[in-house]
Amino acid sequence: MCDPDSIVISPIASSLLVKIRLLLMIVEDVSSLAKVKDDLEKLLRALIPFKAELMDKEDMQEADPLLKYSLGDLQDAASDAQDVLEAFLIKVYRSVRRKEQRQQVCPGKASLRFNVCFLKIKDIVARIDLISQTTQRLRSESVARQKIPYPRPLHHTSSSAGDIVGREDDASEILDMLLSHESDQGEESHFSVISIIGMAGLGKTTLAQLIFNHPKVVQHFDWRSWVCVTVDFNFPRILEGIITSLSHMNCELGGLSTSMLESRVVELLAGKRFLIVLDDVWTDNYFQWESLEKVLRHGGRGSRVLVTSRTIKVSHIMGTQDPYRLGLLSDNHCWELFRRIAFKHCKMADRTQGDLQKIGMKIVAKCGGLPLAVTALAGLLRGNTDVNKWQKISKNDICKAEKHNFLPALKLSYDHLPSHIKQCFAYCSLFPKAYVFDKKDLVNLWMAEEFIQYTGQESPEETGSQYFDELLMRSFFQPSDVGGDQYRMHDLIHELAQLVASPLFLQVKDSEQCYLPPKTRHVSLLDKDIEQPVRQIIDKSRQLRTLLFPCGYLKNIGSSLEKMFQALTCIRVLDLSSSTISIVPESIDQLELLRYLDLSKTEITRLPDSLCNLYNLQTLKLLGCLSLSQLPKDFANLINLRHLELDERFWYSCTKLPPRMGSLTSLHNLHVFPIGCENGYGIEELKGMAYLTGTLHISKLENAVKNAVDAMLKEKESLVKLVLEWSDRDVAGPQDAVTHGRVLEDLQPHSNLKELRICHFRGSEFPHWMTNGWLQNLLTLFLNGCTNCKILSLGQLPHLQRLYLKGMQELQEVEQLQDKCPQGNNVSLEKLKIRNCPKLAKLPSFPKLRKLKIKKCVSLETLPATQSLMFLVLVDNLVLQDWNEVNSSFSKLLELKVNCCPKLHALPQVFAPQKLEINRCELLRDLPNPECFRHLQHLAVDQECQGGKLVGAIPDNSSLCSLVISNISNVTSFPKWPYLPRLKALHIRHCKDLMSLCEEEAPFQVVARALSPLAQRMC
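Residues numbered from 1 in each chain as written. Predicted model: local features only at pLDDT ≥ 70, side-chain atom pairs only at ≥ 80, totals over all residues. Heavy atoms only, no water.

Before going further, it helps to examine the packing of helix α12 (residues 331-342) against helix α14 (residues 371-381). In contact at an axis separation of 8 Å, α12 and α14 are set at 30° when each is read in the N-to-C sense. Taken as axis vectors, α12 and α14 run roughly parallel relative to one another. In the packing of α12 onto α14, the handedness of the crossing is right-handed. Contacts from Cys334, Leu337, Phe338, Ile341 and Ala342 in α12 reach Pro371, Val374, Thr375, Leu377, Ala378, Gly379 and Leu381 in α14. (Axes fitted to C-alpha atoms, helices over the stretch in contact; angles between N-to-C directions. Helix = DSSP H or I, 4+ residues; strand = E, 2+ residues; numbered from the N terminus. Parallel < 35°, antiparallel > 145°, perpendicular 65-115°, else oblique. Left-handed = near helix turned anticlockwise from the far one by under 90°. Contact = heavy atoms within 4.5 Å.)

At a minimum axis distance of 9 Å, the contact between helix α8 (residues 235-247) and helix α9 (residues 258-269) shows a crossing angle of 35°. Considering how the two elements wind past one another, α8 and α9 form a crossing that is left-handed. On α9, the residues touching Phe235, Pro236, Leu239, Glu240, Ile242, Ile243 and Leu246 of α8 are Thr258, Leu261, Glu262, Arg264, Val265, Leu268 and Leu269.

Attention now moves to the confidence of the model for the chain. The predicted model of the chain averages 82 in pLDDT, with 79% of residues at 70 or higher. A low-confidence stretch, residues 52-63 stays under pLDDT 50, and its non-local contacts, those more than four residues away or across chains, total 30 contacts. Residue range residues 821-826 is modelled with pLDDT below 50. Its contacts to residues more than four positions away, or to other chains, number seven contacts. (pLDDT = per-residue confidence, 0-100.)

With that settled, the discussion passes to the pairing of strand β30 (residues 962-966). Within β30, five of the five residues are buried, leaving the element largely enclosed by the surrounding structure. Residues of β30 alternate between two faces, with Ser962, Val964 and Ser966 on one and Leu963 and Ile965 on the opposite face, all of them buried. Pairing between strand β29 (residues 938-942) and β30: five bridges, direction parallel. Bridge pairing in β30 places aspartate 942 opposite serine 966. With five bridges joining them, β30 and strand β31 (residues 985-989) adopt parallel strand pairing. Residue pairing in the sheet places serine 962 in a bridge with alanine 985 of β31. (Buried < 20%, exposed > 50% of the residue type's maximum accessible area, 1.4 Å probe, protein only. Pairing = 2+ DSSP bridges.)

The subject of this paragraph is the pattern of salt bridges. Going through the model one piece at a time under the given rule, you end up with 29 salt bridges. Linking arginine 642 and glutamate 461 is a salt bridge whose minimum nitrogen-to-oxygen distance equals 2.7 Å. With arginine 642 in the loop between β14 (619-621) and β15 (643-645) and glutamate 461 in helix α20 (residues 460-473), this pair connects stretches of sequence that are 181 residues apart. This pair shows no difference in class: arginine 642 is buried, exactly as glutamate 461 is. One connected set of salt bridges, linked through shared partners, spans Asp80, Asp83, Glu86, Glu450, Arg521, Arg545, Arg572 and Arg595. (Salt bridge = Lys/Arg side-chain N within 4 Å of Asp/Glu carboxyl O.)

Moving on: a negative patch on the surface. Taken together, Glu168, Asp169, Glu173 and Asp176 make up a surface patch of like negative charges. Here glutamate 168 shows up in helix α5 (residues 168-179). (Patch = residues over 30% accessible without salt bridge, like charges linked within 9 Å, V, L, I, M, F, W, Y side chains within 5 Å. Areas by Shrake-Rupley, 256 points an atom, 1.4 Å probe, with all protein chains shown as cover. Lys, Arg positive; Asp, Glu negative; His and termini not counted. Charge placed at Lys NZ, Arg CZ, Asp CG, Glu CD.)

Formed by 145 residues in total, the largest nonpolar core has its most connected members in Leu547, Met564, Leu576, Leu622, Leu756 and Phe766. Top contributing element to this core by residue count: helix α23 (residues 560-567), with four residues. Excluding residues that lie within four positions of it along the chain, leucine 547 makes contacts with Val523, Leu525, Ile537, Met564, Leu568, Ile571, Val573, Leu574 and Asp575. Core analysis: the second largest hydrophobic core is formed by 84 residues, Leu175, Met177, Leu377 and Phe505 among them. (Core = buried A, V, L, I, M, F, W, Y, C linked by side-chain atoms within 4.5 Å.)

Moving on to the pairing of β29. Among the five residues in β29, five count as buried, and that is most of the element. Alternating positions in β29 separate into two faces, His938, Ala940 and Asp942 on one and Leu939 and Val941 on the other, with burial throughout. Two elements, strand β28 (residues 915-919) and β29, share five bridges in a ladder whose sense is parallel. Paired with glutamate 917 across the bridge in β29 is alanine 940.

For the rest of this paragraph, the subject is the environment of arginine 989. Position of arginine 989 among the secondary structure elements: in strand β31. Owing to a relative accessible area of 32%, arginine 989 belongs among the partly exposed residues under this scheme. Measuring from C-alpha to C-alpha, the distance between arginine 989 and asparagine 967 comes to 6.8 Å, with 22 residues separating the pair along the chain.

For the coordinates displayed, the defined rule picks out 24 aromatic pairs. Seen in terms of ring centroids, tryptophan 335 and phenylalanine 343 are 6.3 Å apart; in terms of plane orientation they differ by 65°. Their pairing is edge-to-face. Exposure remark for tryptophan 335: the relative accessible area of 15% places this residue in the buried category. Judged by its relative accessible area of 10%, phenylalanine 343 falls in the buried class. Clustering of aromatic rings is evident, with ring pairs tying together Phe431, Tyr435, Phe437, Trp446, Phe468, Phe477 and Tyr487. Residue placement shows arginine 224 over the ring face of phenylalanine 212; its charged tip is 4.5 Å from the ring centre. The cationic tip of arginine 757 hangs over the ring face of phenylalanine 782; the distance from NZ or CZ to the ring centre is 4.6 Å. (Phe/Tyr/Trp six-rings, centres within 6.5 Å; stacked < 30°, edge-to-face > 60°. Lys NZ or Arg CZ within 6 Å of the ring centre and 35° of its normal.)

Shown next as structure tokens:
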């Protein structure tokens, strides 16, 4: 069992050192704080050697019990010191801010507040000094034992194929990779590396053993060697292992130098096709691998190195082929493995065996597809027929039931984590099993707890993302079925997290007594009824830093909220989401250290003004707060706010933000910024908001006539989508066109931008940055209501995939998109939508266009030339008459919808759609030849005033499933009904003169028998 103190003490010490140095800088400039300087320096001197001592402690496998107890006290003291120093920093900040604002402050009250902090700091200094002395004395009396690596044999020990279940397909795929010649091409490819990657306990070594001993492998390779590498990538030791296994001699090689060992291995491998298994590799240091790689190059062509590892980083360093990710065993295979071991040579009554099998299946289900867990528990129960013991194990956590066999294997992965990532992993124990973790939200929680070490080179979000990726690469997380940045944790990994996290992190489950050990600082409540546990926490755990309610139940906190705010003044993370809260008390500002607040899915209608005093707040979540319509007026006081999460509904209805939003220079997401004329509402507020990510919608740009350049959009490299919008005014003069053009030129975004929307722009030309190739990464462009543009020239947008043009009243022509490709037109546009452009008459060719929709373009006569079109919609284009088939190909067209295009005389001659709809096209009287309908599945025909000519032209078809006929007049019956054996749905509507479907009853009877009764809508 690991010592949980090592999880957090060292990072806390680092955080304390940063805060003390910051305070020492402040007290130099503030004379009233001078008397605390000596105490801060004493604390600094105590912590510097203490930090190094704690780092040393993490390298011990076990510490003296008294030393461990003393370190536990030191952790408590360090945490309390953090609380005191952070509260002191806030008071100093508030004092400085009041002076800057020239507010009147009662000297007596200010002095009293600081004196209380001075006394607390003095007490902390004395406390840490005393504990540090005790720790040093105990350490001098204790001999720290070196870490003992997880015991693994140096060489391969054979495994019976009968012990392996469910890995046949895996073995077959890896055998193909080993024996294939695809990776042997090239001058330097004498050997290739194949990695088997997966979490502890999946059976990577067992699978490698099965492959190592496979007859095909034995026959294919001249030499085979197995070396267990383990944690320490010891180059001489690996060379010794290769020599010993290849020479089949257990000779003493310890006296040989590394160069002599290298020479011996080169001599053995020279020209030989070898297979070397490097089992349980941990190193991600390329230079360690490079030394071995140089030796192995002397082998024969077609040689292989098979590596097993828990981390994907090993594959990135060593692998020449894609890693093979070993998955979990299926439930059936797990049960078969369990049955073979637990019931082997076991005689018992049929009834007893039946009972044990039912319980055994429950036990197997708890193992979550992990073979090591299945094997360990099956071995524990082998020969035991006590039903009560089996039931007890089925009800307990697996790690508690069997901690001696597979827990060390799991824990070794944890032991190998850096201390700052250990605490991040332990934090995950607060969430229930099978919880779906959102990567970004988890990183925000780690930030709020100060688990992320700030380097100055990267943002905390980037560093936290790297922490998460490290855990992911080491198989502590698995991608969720949900996709995106959603992940799960295997049940046994979760149990490991709970074991290493206690007592600092505590999860309180349903119906459990809410007992909190004195050292507990982070709590999650999984009960539906949380009012009573919250009261107990308020009474007994005032040093609490985290209170989470990670289950989705509707929670009733009752009348405890006010008391909570008054009591839990050290809290950093508070989750009140999905609760019955409708009013947030003004006393929330007593949570001075709060960094993460979640009020999502509550009935709150407003946020209290006092919330704006939470200067440390980094994350504020307000998702699903449907009654919330505005933010408090002093919201800009939240100077450390990084993440503001609100629904799109809020942003869509937002017409005005609080003033001075530019003070939030660390904010990452501000979806909407409506520009105002008053001070504090101007576009210059965006200037210092360099970290904005995702979407930014800047509206009311008519209020940014003189200073649009102050937005500094060019510096905002993390923006993905930018919307630039002027108010929609019916009247616009010549001056507006000039002004709009200048403003848009000044709003040049960063070249990383992926989507750009421009609305109600009155200029006649678009700025140079849109046409000169600056937007190299732009994928989507939307132009709406840009009424003065006559010729649209977009220049070089090499990666543009989607173009939307709407309400461009004066647009006459769209010029050909330019491309840098010297060998011809390689424009990447795939989707084009044009709507309500009444003067548009000319479109260029789009060779890669897949989707095209043109609506209400009443001057367009000819379609653009296309070669790859798959979906085409034409609506209300009154003069359109030419498909431009001379320059186009419709052979790939899947869906065609033509509605109210009265000048079209015919459909394309060569196309074979799956879906075809024709509505209100009076001149369309004939369908193409029957060959064009060989793939047709849905057909809709709406022919006002033209009788049933198109219906009569429908050919026999064996693929048509759905047919819609509407608005046919002057026809009492159709003269001919086609043979449609697969027709399932027939809709006939608004055919006022129709009396019967067909003059000949026999053909229609065949159709009627196949129709679904609910699909017939007759007139």
